[in-house]
Amino acid sequence: MAFPTMATTATVSSCKTVPPLENGDVLTRAEFERRYETMPHLKKAELIEGVVYMPSPVRHQSHGHPHTRLITWLGYYEANTPGVQASDNSTVRLDLDNEPQPDGLLFIDPACGGQAHIDADDYIAGAPELVAEVAASSASYDLHVKLRVYRRNGVREYLVWRVLDQAVDWFVLRAGQYEPLPVDTEGLLRSEVFPGLWLDPAALLRGDLATVLAVVQRGLASPEHAAFVARLHPPTTTP
């Protein structure tokens, strides 16, 4: 019987050094990142309360298409609001047990007073001001364990589009608790953190992206949005 040489043994051992991520693994954030980095084919994995979540393959009507509309809406706001950045499926280092990869988010540039920042590894660190998720229904972990994680870490607004339920939930953090953001007399949702970020939820649910963008354009033309941009970029005083 032939025995493996030391070189062969070392090669086999090194190949087994980093196990793959598995749904339900209980890991530290450092170990989660170490395993994730060895799986470039994997497009999305999250660490929520120390547990690995790996979503199923993404379907078009129930996730991919709604996701695109949501990102278009956030991107339109970013394009007209200097000092604010949008991101799509970016990893967020919230705390040592939580590293979600939300469908979309908005954050204020830290140079303009934002609470999150880009760390040395090019990850978002800290809580973005707004996080948005596309979920199937109210049974999704987006509205349970992830909601609690976002609340505890200080995400100031949290939007969940429940595609199968045909509903949009928008929560605002007040005194440490999430409260539903009410619609106004026009049936619109208006962000309290990002003035001018207006949403017509009925138009979003029926797939009327043109109306969704027309409504946010109205918000961008509002005095509240102009005042917000001015606050983000106060005039410099010369000595």
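Check the entry above for the structure.
Colleague: Would you mind showing me how to read the sheet that holds strand S11 (residues 177-180) here?
Modeller: Two modes of strand pairing occur in sheets, parallel and antiparallel, and in both the strands are linked by backbone hydrogen bonds. In space, the six strands of this open sheet follow the order S3-S5-S8-S9-S10-S11, with mixed pairing throughout. The sheet terminates laterally at strand S3 (84-88) and S11, the two strands that pair on one side only. Adjacent strand axes in the sheet meet at a mean angle of 20 degrees, parallel and antiparallel pairs treated alike. The pairing of strand S10 (residues 167-174) with S11 spans four bridges and is classified as antiparallel. By the bridge assignment, Leu173 is partnered in S11 with Tyr178. Sitting on the sheet, helix H4 (residues 145-153) touches strand S8 (130-135), strand S9 (157-162), S10 and S11, and the angle it makes with S11 is about 115 degrees.

Colleague: I keep staring at the environment of Tyr77 and nothing clicks. Help me out?
Modeller: Along the polypeptide, Tyr77 turns up in helix H3 (residues 60-79). The exposure class assigned to Tyr77 is buried, which follows from its relative accessible area of 0%. Sequence separation between Tyr77 and Gly196 is 119 residues; the distance between their C-alpha atoms is 8.1 Å. There is a polar contact of 2.8 Å between the side chain of Tyr77 and the backbone oxygen of Pro195.

Colleague: Mind showing me how you'd approach the sheet that holds strand S6 (residues 117-118) here?
Modeller: Read across the open sheet, the three strands follow the order S4-S7-S6; overall the sheet is mixed. Looking at the sheet topology across the chains shown, the edges are occupied by strand S4 (92-93) and S6.

Colleague: Would you take a moment to explain unusual backbone geometry for this structure?
Modeller: Outside of glycine, negative phi angles account for most residues, and trans bonds account for most peptide bonds. Non-glycine residue Glu49 carries a positive phi angle of around 55 degrees. Taking the relative accessible area as the measure of exposure, Glu49 reaches 35% and is therefore partly exposed. At Asn89, a position not held by glycine, the phi torsion is positive, near 60 degrees. Along the chain, Asn89 falls in the loop between S3 and S4. You can call Asn89 partly exposed: its relative accessible area is 27%.

Colleague: Would you mind going over the packing of aromatic side chains with me for this structure?
Modeller: Enumeration according to the criterion identifies nine aromatic pairs in this entry. Ring centres 5.9 Å apart and planes at 85 degrees place the aromatic pair Trp73 and Trp170 in the edge-to-face group. Of the two residues, Trp73 sits in helix H3 while Trp170 sits in strand S10, which places them 97 residues apart along the sequence. Taking relative accessible area as the criterion, Trp73 reaches 1% and is therefore assigned buried. Between Tyr77 and Phe194, the aromatic rings sit 6.0 Å apart at their centres with planes inclined by 85 degrees, giving edge-to-face as the arrangement. Pair noted here: Tyr77 is in helix H3 and Phe194 is in the loop between strand S12 (189-190) and strand S13 (198-199), with a separation of 117 residues, a long-range link. Each member of the pair, Tyr77 as well as Phe194, is classed as buried. Here the aromatic cluster, defined as three or more aromatic residues joined through ring pairs, consists of Tyr150, Tyr158, Phe171 and Tyr178.

Colleague: Got a minute to help me understand the pattern of salt bridges in this structure?
Modeller: A side chain with one charge can pair with a side chain of the opposite charge if their charged atoms come near. Taken as a whole and assessed by the stated rule, the structure comprises 22 salt bridges. For Lys146, the salt bridge is made with Glu46, and the minimal N-O distance between the two is 3.0 Å. Taken as a pair, Lys146 in helix H4 and Glu46 in strand S1 (residues 46-48) lie far apart in primary sequence, 100 residues in all. Neither residue differs from the other here; Lys146 and Glu46 are each classed as buried. With a shortest N-O distance of 2.6 Å, Asp169 and Arg162 are connected by a salt bridge. With respect to class, Asp169 is no different from Arg162; both count as buried.

Cut-offs used in this document
- Residues numbered from 1 in each chain as written.
- Predicted model: local features only at pLDDT ≥ 70, side-chain atom pairs only at ≥ 80, totals over all residues.
- Heavy atoms only, no water.
- Pairing = 2+ DSSP bridges.
- Helix = DSSP H or I, 4+ residues; strand = E, 2+ residues; numbered from the N terminus.
- Axes fitted to C-alpha atoms, helices over the stretch in contact; angles between N-to-C directions.
- Contact = heavy atoms within 4.5 Å.
- Buried < 20%, exposed > 50% of the residue type's maximum accessible area, 1.4 Å probe, protein only.
- Polar contact = N/O pair within 3.5 Å; in protein donor to acceptor, adjacent residues only side chain to side chain.
- Phe/Tyr/Trp six-rings, centres within 6.5 Å; stacked < 30°, edge-to-face > 60°.
- Salt bridge = Lys/Arg side-chain N within 4 Å of Asp/Glu carboxyl O.

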